[in-house]
Amino acid sequence: MKMTRYSKNPILTKKDVPFDVNSIFNPGAVKFGNEYLLFCRVEMPNGRSSFVLARSKDGINFEVEPNLCLTPEEHDNFYKYAEWGIEDARVVNIENKYFLTYTGYSKYMPLVLLAETTDFKKYKLHGPISEPSNKDCTIFPEKINGFYWKIDRPSAEQRQNIWVAKSNDLLHWGGYECLAEPAPGTWEADKIGISTTPIKTKDGWLLLYHGVRGFGISSIYKLGVMLLDLQKPWVLKGKCSSPVLAPDLDYERIGDVGNVIFSNGWIAEDNGGIKIYYSGADTNICLATTTIDYLLSLCK
Ligand code: BMA
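Residues numbered from 1 in each chain as written. Predicted model: local features only at pLDDT ≥ 70, side-chain atom pairs only at ≥ 80, totals over all residues. Heavy atoms only, no water.

Participant: What is the right way to look at the pairing of strand E18 (residues 218-228) in this model?
Facilitator: Looking down a regular strand, the side chains alternate between one sheet face and the other. Counting buried positions along E18 yields 9 of 11 residues, so the element is predominantly enclosed. Where strand E17 (residues 205-215) meets E18, 11 bridges bridge the pair, whose relative direction is antiparallel. Directly across from Phe215, in E18, lies its bridge partner Ser218. In textbook terms, the turn of a hairpin is the stretch between consecutive antiparallel strands, and for E17 and E18 this stretch comprises 2 residues, one of which, Gly216, has a positive phi near 55°. Note: E18 against strand E19 (residues 236-239), 3 bridges, orientation antiparallel. For Leu227, the partnering residue across the bridge sits in E19 and is Gly238. (Buried < 20%, exposed > 50% of the residue type's maximum accessible area, 1.4 Å probe, protein only. Helix = DSSP H or I, 4+ residues; strand = E, 2+ residues; numbered from the N terminus. Pairing = 2+ DSSP bridges.)

The following block contains the structure:
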């Protein structure tokens, strides 16, 4: 099976949110008990983002909770790094705890914040795990060679590459290595960033990433797929040459930021299928389905 868009996309829009928002988009995704959870970004009418949970039994029909689950104002000591909004969470289950890596936006510019929860009701906030400018951070679901590993995307001058680092405690990081760079002159020429939490497969760690290329006065965001070595997560084993999902339909081309497909959440099913949650034009939440085998075949 190739990539299939759900026929009734988008699966969530601001009409599904029981309070006033400008948009709902860029959800992290995780299975929690017998539920699918989307940890959604909502841009409030004032232009600053918070998070709200959406819950589902089938991974397709989601109900948005009546209240926000995490806001900048709840960040106490870290508020100055989240004052302009919290955005684009990746969720990972490690040793029965759920860790969230997300962007804190402020006058200091974007950096990566870490939080943990066991119940998606109470959140322990750890604050920054990067300096600015940095975003698109995900943590591997298990230790490799005795360390935790993260991937993120620092912005250095004009270079926006993907980096990997290791840690003993998820809070203090080192051993930085550049993992992947944009391919010049292609659909991902301007910048790349990791999209989704790594999935362990027989061939390596599988990840979605986004690639950006400027056209005229705007940019186009598309999704690609890459494969990392199972034991050496700083080694890129393979990467697609063409995007796996690119803006095409109206709900991907028209919205607050047109021509954007962005994803920070996917869920692997026991039968080898994958549900990819993505947003069109920074305005909605959509679903596409595919298989691990198909994505692996693109990384050869
Ligand atoms: C990125 C992030 C995402 C957004 C995307 C497209 O830099 O800020 O939140 O979806 O741009 O606008």
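Participant: Looking at this structure, how should I read the site of the ligand?
Facilitator: Every residue near the ligand is listed here: Asn26, Arg41, Asp88, Lys135, Tyr221, Val257, Val260, Phe262 and Asp282. Taking Arg41, its side chain carries an N or O atom lying 2.9 Å from an oxygen atom of the ligand. In this structure, Lys135 approaches the ligand through a side-chain N or O atom, which is 3.2 Å from an oxygen atom. Each residue belonging to the shell around the ligand can be placed in one class, and the counts come to 4 nonpolar, 1 polar and 4 charged. (Near = heavy atom within 4 Å. Polar contact = N/O pair within 3.5 Å; in protein donor to acceptor, adjacent residues only side chain to side chain. Nonpolar A, V, L, I, M, F, W, Y, C, P; charged D, E, K, R; others polar.)

Participant: Got a minute to help me understand empty space enclosed by the protein in this structure?
Facilitator: With a probe scaled to a water molecule rolled over the atoms, the places where space remains empty come into view. For the coordinates displayed, the defined rule picks out 1 cavity of 30 Å³ or more. Roughly 40 Å³ of internal volume is contained in the largest cavity. As for the largest cavity, its lining consists of Asp88, Arg90, Thr101, Tyr102, Thr103, Leu111, Val112, Lys135, Asp136 and Cys137. (1 Å grid on protein atoms, 1.4 Å probe; cavity = no way out; pocket = protein on both sides within 12 Å on 5 of 7 lines; lining within 4 Å. Points joined across faces, edges and corners; volume = space filled by probe spheres on them.)

Participant: In this structure, what is going on with the sheet that holds strand E4 (residues 49-56)? I would like to understand it.
Facilitator: One key point about sheets: their strands pair by backbone hydrogen bonds, in either a parallel or an antiparallel sense. Spatially, the 4 strands line up as an open sheet ordered E2-E3-E4-E5, and their pairing is antiparallel. In this open sheet, the two edge strands, each paired with only one partner strand, are strand E2 (23-32) and strand E5 (63-64). Across 8 bridges, the pairing between E2 and strand E3 (residues 35-43) is antiparallel. In the sheet register, Ala29 faces E3, and the bridge partner there is Leu38.

Participant: I would appreciate a short explanation of the side chain of His126 in the present structure.
Facilitator: One can find His126 in strand E9 (residues 124-128). Polar side-chain contacts of His126 include one of 2.7 Å to the side chain of Glu116. Excluding residues within four positions of it along the chain, His126 makes contact with Phe78, Leu114, Ala115, Glu116 and Leu171. (Contact = heavy atoms within 4.5 Å.)

Participant: Teacher, can you tell me more about unusual backbone geometry here?
Facilitator: Among all residues save glycine, negative phi is the norm, and among peptide bonds the norm is trans. Along the chain, Asn9 connects to Pro10 via a cis peptide bond; the corresponding omega equals -5°. Following Pro132, the chain continues to Ser133 via a peptide bond in cis, the omega torsion being -10°. Within the secondary structure, Ser133 sits in the loop between E9 and strand E10 (134-139). Of note in the backbone geometry, Met109 takes a positive phi value of approximately 80° without being a glycine. Along the chain, Met109 turns up in the loop between strand E7 (97-105) and strand E8 (111-117). Even without a glycine there, the phi angle at Asp136 is positive, about 55°. Following the sequence through the fold, Asp136 ends up in strand E10.

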